[in-house]
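Geometric and topological summary
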Amino acid sequence: MSAFLFLDTKIKNPEAYEEYKKLAKPIAEKYGGVYRVRGGTIDVRQAELWSPTRIVIIEFPDLNSAQAFVDSEEYAPVKTLRHDNADCTLLIIEGN
């Protein structure tokens, strides 16, 4: 069953975040990740629980692959770059 990494990001430093995007993509792809959504217009129809900022969705072959990407040694320094330059909410969701 596929798994989806869902990330809502409020970018604080756009220049540094561009570097994060460039570094993160090939690592995600190494773990089978396929970017399905990366930014774009958000049409919020109901926002009782939270108001999204910038959505990224990456599809992985399975839950283990998504978790392995997020927890990988090669992603660790890139993840730090994200933490330093954006506020985020990250979820991994199993689905079809």
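The structure we're discussing is the one just above.
Okay, so let's go over this structure. Residue numbers run consecutively from 1 along every chain, following the written order of its sequence. Where totals are concerned, whole chains, interfaces and linings use all residues; where local detail is concerned, this predicted model gives features only for residues with pLDDT of at least 70, and gives and counts side-chain atom pairs only at 80 or more. To obtain the side-chain values, all non-hydrogen atoms of the structure were included, while hydrogens and water were left out.

Quick notes on the side chain of S65
Relative to the assigned elements, S65 resides in helix α2 (residues 63-71). Exposure categories follow from relative accessible area, calculated using a 1.4 Å probe and restricted to protein chains: below 20% of the type maximum is buried, above 50% is exposed, and the middle band is partly exposed. Here S65 falls in the buried class, since its relative accessible area comes to 16%. Residues are treated as being in contact if the distance between any of their heavy atoms lies within 4.5 Å. In contact with S65, not counting residues within four places along its chain, are Y31 and F60. Working definition: helices are DSSP H or I runs of at least four residues, strands are E runs of at least two. Numbering for both runs from the N terminus.

A look at the side chain of N85
Along the chain, N85 falls in helix α3 (residues 76-85). In terms of polar contacts, N85 uses its side chain to reach the backbone carbonyl oxygen of L81, at 2.8 Å. In the analysis that follows, any N or O atom pair within 3.5 Å is treated as a polar contact, provided that within protein one partner can donate a hydrogen and the other can accept it, and provided that, for residues neighboring in sequence, both atoms belong to side chains.

With respect to the nonpolar core
Buried Ala, Val, Leu, Ile, Met, Phe, Trp, Tyr and Cys residues that are joined via side-chain atoms within 4.5 Å together make up what is termed a nonpolar core. Residues L5, I58, F60, F69 and Y75 are the most contacted members of the largest nonpolar core, which totals 18 residues. Apart from residues lying up to four places away in sequence, I58 is in contact with A3, F4, L5, A28, G33, V34, Y35 and R36.

A closer look at the sheet that holds strand β3 (residues 55-60)
Hydrogen bonds between backbone groups are what pair the strands of a sheet, and the pairing can be parallel or antiparallel. For two strands to pair, DSSP has to find at least two bridges joining them. If you walk across this open sheet you meet the four strands as β2-β3-β1-β4, and the pairing is antiparallel. Every interior strand has two partners, whereas the edge strands, β2 (34-38) and β4 (86-94), have only one. With direction set aside, neighbouring strand axes in the sheet form an average angle of 15 degrees. Across nine bridges, strand β1 (residues 3-11) lies against β4 in antiparallel orientation. Among the inter-strand pairings, L7 is bridged to a residue of β4, identified as L90. For helices, the fitted axis covers only the stretch in contact; all axes are lines through C-alpha atoms, and the angles between them, taken along N-to-C directions, range from 0 to 180 degrees. Each of β1, β3 and β4 touches α2; the most contacted strand, β4, lies at about 155 degrees to it. Those strands touched by α3 are β1 and β4, and its axis lies near 130 degrees from that of β4.

Quick word on the environment of K30
Tracing the sequence through the fold places K30 in helix α1 (residues 14-30). Once the C-alpha coordinates of K30 and V56 are considered, the two residues, 26 residues apart in sequence, prove to be 17 Å apart.

Looking at the pairing of β1
β1 sits mainly inside the fold: seven of its nine residues count as buried. Where β1 meets β3, six bridges bridge the pair, whose relative direction is antiparallel. Its bridge partner lying in β3, F4 is registered against E59.

Describing the pattern of salt bridges
Put simply, a salt bridge is a Lys or Arg side-chain nitrogen that is within 4 Å of an Asp or Glu carboxyl oxygen. This structure, assessed with the given rule, holds seven salt bridges. The salt bridge partner of D87 is K12, with a shortest N-O separation of 3.5 Å. With D87 in strand β4 and K12 in the loop between β1 and α1, this residue pair connects regions lying 75 residues apart in the sequence. Classification of D87 as partly exposed rests on a relative accessible area of 43%.

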